[in-house]
Amino acid sequence: MTGARPQPPLRVPTLTEVVEMPWPSVANEVQQPEAAMLADSMSADSVSAEPVVPVIAAPPVPAVSALPSEDQIVQRVLHDLQRQIDLMLDYRLREALMPVLTRATDALVLEARSELASTLRDIVARSVAQEMSRHRGR
């Protein structure tokens, strides 16, 4: 049982790299036959008695013997791992930043209220002083 061991991939991307997946989109495969069917039905008889129902072709099913290569498996695993890391990082950042941002917002509101109160006191004091000087002048 001394079979040949598979060779490791030449390069494994780091966790900060975005890996583009070469898999075809199922939406493109489904939309193309539907659009062609609809275009054919429009060009044939535009005044037909029965409505034309577009048939959506199922995406081709890969043959059982066409197993994905090691590179494809590595790419899929890395893609899934990247998605999980992104979700977990987003959750943890929100969890960690929420109390910090709440405290900062509270401090900002308190400071803004204090400044507003001080400004209003100054405006009222000036208005009262102006009114008193008008009454003294009479």
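The shown structure was predicted, so the numbers you read here are calculated from the model rather than taken from an experiment. (Residues numbered from 1 in each chain as written. Predicted model: local features only at pLDDT ≥ 70, side-chain atom pairs only at ≥ 80, totals over all residues. Heavy atoms only, no water.)

Thoughts on the overall build of the chain
Within the chain one finds 2 helices and 0 strands. Here the chain, with 138 residues, has 4% of them falling under the buried criterion. Total accessible area on the chain stands at roughly 12700 Å², and carbon and sulfur atoms take up 63% of it. (Helix = DSSP H or I, 4+ residues; strand = E, 2+ residues; numbered from the N terminus. Buried < 20%, exposed > 50% of the residue type's maximum accessible area, 1.4 Å probe, protein only. Areas by Shrake-Rupley, 256 points an atom, 1.4 Å probe, with all protein chains shown as cover.)

Focus: a nonpolar patch on the surface
A cluster of nonpolar side chains, namely Leu89, Leu93, Leu97, Val100 and Leu101, defines an oily patch on the protein surface of about 440 Å² accessible area. Along the chain, the position of Leu101 falls in helix 2 (residues 70-137). (Patch = residues over 30% accessible without salt bridge, like charges linked within 9 Å, V, L, I, M, F, W, Y side chains within 5 Å. Salt bridge = Lys/Arg side-chain N within 4 Å of Asp/Glu carboxyl O.)

Describing the confidence of the model for the chain
In the predicted model, the chain carries a mean pLDDT of 76, and 57% of its residues have values of at least 70. Low confidence marks residues 26-31, where pLDDT is under 50. Its contacts with residues over four positions away, or in another chain, come to 6 contacts. Within the model, the stretch residues 41-48 combines pLDDT values under 50 with 1 contact to residues more than four positions away or in other chains. (pLDDT = per-residue confidence, 0-100. Contact = heavy atoms within 4.5 Å.)

A word on the pattern of salt bridges
Within this structure, the stated rule accounts for 3 salt bridges. The residue Asp80 makes a salt bridge to Arg83 at a minimum N-O spacing of 2.7 Å. Here the residue Asp80 and the residue Arg83 both occupy positions in helix 2, the gap between them amounting to 3 residues, near one helical turn.

Details of helix 2
With 68 residues, helix 2 ought to run about 100 Å at 1.5 Å a step, and its terminal C-alpha atoms sit 96 Å apart, in line with that. The sharpest bend along helix 2 reaches about 35° and sits at Leu97, with the proline Pro99 one to four residues further on. (Expected span 1.5 Å × (residues − 1). Bend = angle between axes of the 7 residues up to and from the residue.)

Comments concerning the environment of Gln7
Here Gln7 lies in the segment before helix 1 (26-43). Judged by its relative accessible area of 62%, Gln7 is exposed. Between the alpha carbons of Gln7 and Glu70 there is a distance of 9.1 Å; along the sequence they are 63 residues apart.

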